[in-house]
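# Understanding the architecture of this molecule
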Amino acid sequence: MLKVVETPRIRRRLIKTADGAELGGTLFLPPFHPCAALVLNGATGVPQSYYSAFAEWAAVEHGIAVLTYDYRGMGRSSAGPMRQSRATMSDWGLRDNAAARAHLRRAVPDVPLWVMGHSLGTMLLPMQDDISGIDRVIGVASGFVHHADHPWPYRAFALYFWYGIPSLVTPLCGYLPGRKLGLGVDMPGTAYTEWRRWCTTPSVHDGALRDSLPAPDWSRSGAPVRLISFTDDDVCPTICSQRLAETYDGYAQVETLDPKAFGLKRIGHISAFAKKNEAVWHALLVGRSVDI
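Residues numbered from 1 in each chain as written. Predicted model: local features only at pLDDT ≥ 70, side-chain atom pairs only at ≥ 80, totals over all residues. Heavy atoms only, no water.

### A word on the pairing of strand E2 (residues 22–29)
Where we set the bar: Partly exposed describes any residue whose relative accessible area lies between the buried limit of under 20% and the exposed limit of over 50%, with all areas from a 1.4 Å probe on protein chains only and scaled to the type maximum. Secondary structure counts use DSSP, requiring at least four H or I residues in a row for a helix and at least two E residues in a row for a strand, with both numbered from the N terminus. Strand pairing requires that DSSP identify at least two bridges connecting the strands.
In terms of burial, E2 is largely enclosed, as seven of its eight residues are buried. Hairpin connection of strand E1 (residues 9–16) to E2: five residues between the antiparallel strands, including glycine 20 at a positive phi of 95°. In terms of strand pairing, E2 meets strand E4 (residues 64–69) through four bridges, oriented antiparallel. Each residue of the ladder has a partner; that of phenylalanine 28, found in E4, is valine 66.

### Some words on the pairing of strand E6 (residues 136–140)
Counting buried positions along E6 gives five out of five residues, so the element sits mostly inside the fold. Pairing geometry for strand E5 (residues 113–118) and E6, over five bridges, is parallel. For tryptophan 114, the partnering residue across the bridge sits in E6 and is arginine 136. With four bridges joining them, E6 and strand E9 (residues 225–230) adopt parallel strand pairing. Bridge pairing in E9 places glycine 139 opposite leucine 227.

### Points about helix H1 (residues 52–62)
Two residues of an α-helix separated by three or four positions point the same way, owing to the 3.6 residues in each turn. What counts here: In what follows, a contact means two residues having at least one pair of non-hydrogen atoms within 4.5 Å.
Those residues of H1 that fall on the buried side of the exposure criterion are Phe54, Ala55, Trp57, Ala58, Ala59, Val60 and His62. Residues of H1 that are buried in the fold lie against E2, strand E3 (36–41), E4, E5 and helix H8 (281–286). Taken from the residues just after H1, glycine 63 is the one with a positive phi, measuring 70°.

### Here's the deal with the sheet that holds E6
Threshold: Orientation is described by axes fitted as lines to C-alpha atoms, over the contacting stretch for helices, and by angles from 0 to 180 degrees between their N-to-C directions.
Pairing is mixed in the open sheet, where eight strands are placed in the order E1-E2-E4-E3-E5-E6-E9-E10. Each having just a single partner strand, E1 and strand E10 (252–257) make up the two edges of the open sheet. Going across the sheet, the axis of each strand differs from the next one's by a mean of 20°, ignoring polarity. Sitting on the sheet, H1 touches E1, E2, E3, E4 and E5, and the angle it makes with E4 is about 165°.

### Description of the packing of helix H3 (residues 154–163) against helix H5 (residues 189–199)
Using the following cut-off: In this scheme, roughly parallel covers angles under 35 degrees and roughly antiparallel covers those over 145, while 65 to 115 is roughly perpendicular and the rest are oblique. Note: crossing handedness is left-handed where the near helix turns anticlockwise from the far helix by less than a right angle, and right-handed where it turns clockwise. Ten residues, namely Ala, Val, Leu, Ile, Met, Phe, Trp, Tyr, Cys and Pro, are considered nonpolar, four, namely Asp, Glu, Lys and Arg, are considered charged, and the remaining ones, Gly among them, are considered polar.
One way to put it is that H3 packs onto H5 with a least axis distance of 10 Å and a crossing angle of 130°. The orientation of H3 with respect to H5, classified from their angle, is oblique. In this structure, the crossing between H3 and H5 has a hand that is left-handed. Contacts from Phe161, Trp162 and Tyr163 in H3 reach Tyr192, Trp195, Arg196 and Cys199 in H5. Looking at the contact of H3 with H5 residue by residue, the classes come out as six nonpolar, no polar and one charged.

### Some remarks on the environment of threonine 122
With respect to the helices and strands, the residue threonine 122 is situated in the loop between E5 and E6. Taking the relative accessible area as the measure of exposure, threonine 122 reaches 0% and is therefore buried. Among all residues touching threonine 122, those that are not within four sequence positions of it are Gly117, Val137, Ile138, Gly139, Ser142, Leu227, Leu244 and Tyr248.

### Considering the packing of aromatic side chains
Under the convention used in this document: Any Phe, Tyr or Trp ring, taking Trp's six-membered ring, that has another such ring centre within 6.5 Å forms a pair; planes under 30 degrees apart are called stacked, those over 60 apart edge-to-face, and the others tilted.
Enumeration according to the criterion identifies 17 aromatic pairs in this entry. Summarising the aromatic geometry, the rings of tyrosine 50 and tyrosine 51 are spaced 5.0 Å apart at their centres and angled 70° between planes, so their arrangement reads as edge-to-face. Both rings, one in phenylalanine 161 and one in tryptophan 195, keep their centres 5.6 Å apart while their planes meet at 70°; by these two values the pair is edge-to-face. Taken together, the positions of phenylalanine 161 in helix H3 and tryptophan 195 in helix H5 put the pair 34 residues apart, joining distant regions of the chain. Phenylalanine 161 gets classed as buried once you look at its relative accessible area, which sits at 9%.

### A short note on the environment of alanine 279
Structurally, alanine 279 is set in the loop between E10 and H8. For alanine 279, a relative accessible area of 45% translates into the label partly exposed. Through-space distance from the C-alpha of alanine 279 to that of valine 169 is 40 Å; in sequence the pair is 110 residues apart. In this view, alanine 279 contacts Phe262 and Leu264; residues no more than four positions away in its chain are not counted.

See the structure below:
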């Protein structure tokens, strides 16, 4: 007897932000009525396509509708040459996050609304508007990072990234030429500059962020928050997630996972959503003892 393989229904979406930006998104719908809707806020410089395998898995295996998208100025949300973009990290972490969540709420109404953020994806959530309707938050490798938090030898790379050639050529080019420098994707110069200020300012969460962004107030939501770190994450060690947890007003718990406990060699900062690390996905989505 042949086994029927279920697949999600995949829909392209155009997401409009409150300040007029347009974001390219993808909605993964389960083959039956969804039990929840999850917006997946990606990490800095990571295209939404990277999260497709996880989104399909969540839709088919758990019946959750998942919305992925690219931040303004990046990927399918690019509106012109990179050097012309004035997108900032604040735009991504405040305005784009909020617009994607509102879009999903309209597209998939009357089910619990979840937010999953990778790295940047949950950093600024307590500072956003309209957070009262969120039912659950899952932050993966997310936290407030200063370059002194990184262990060696990764710290040497971080110092190079913030004080070396990238910091010199970005003002000259008008954007961070990440591809030419062997750093992955290109990035708007305004985003790199703000990111650099955050990661080179001690006590960033009560210094550089407090001076330029709304004050966090998670009591407006009160949803439970799980912040998940990994023992082999040199980019965002557990201490950074613990720092972020403070902005969630006592509603956040930090969990540190060891890749070896899932039979995996390495997860690090980026690879939690890679298909090869599927063994950890259930722990990310619902934990080890939590039912949907």
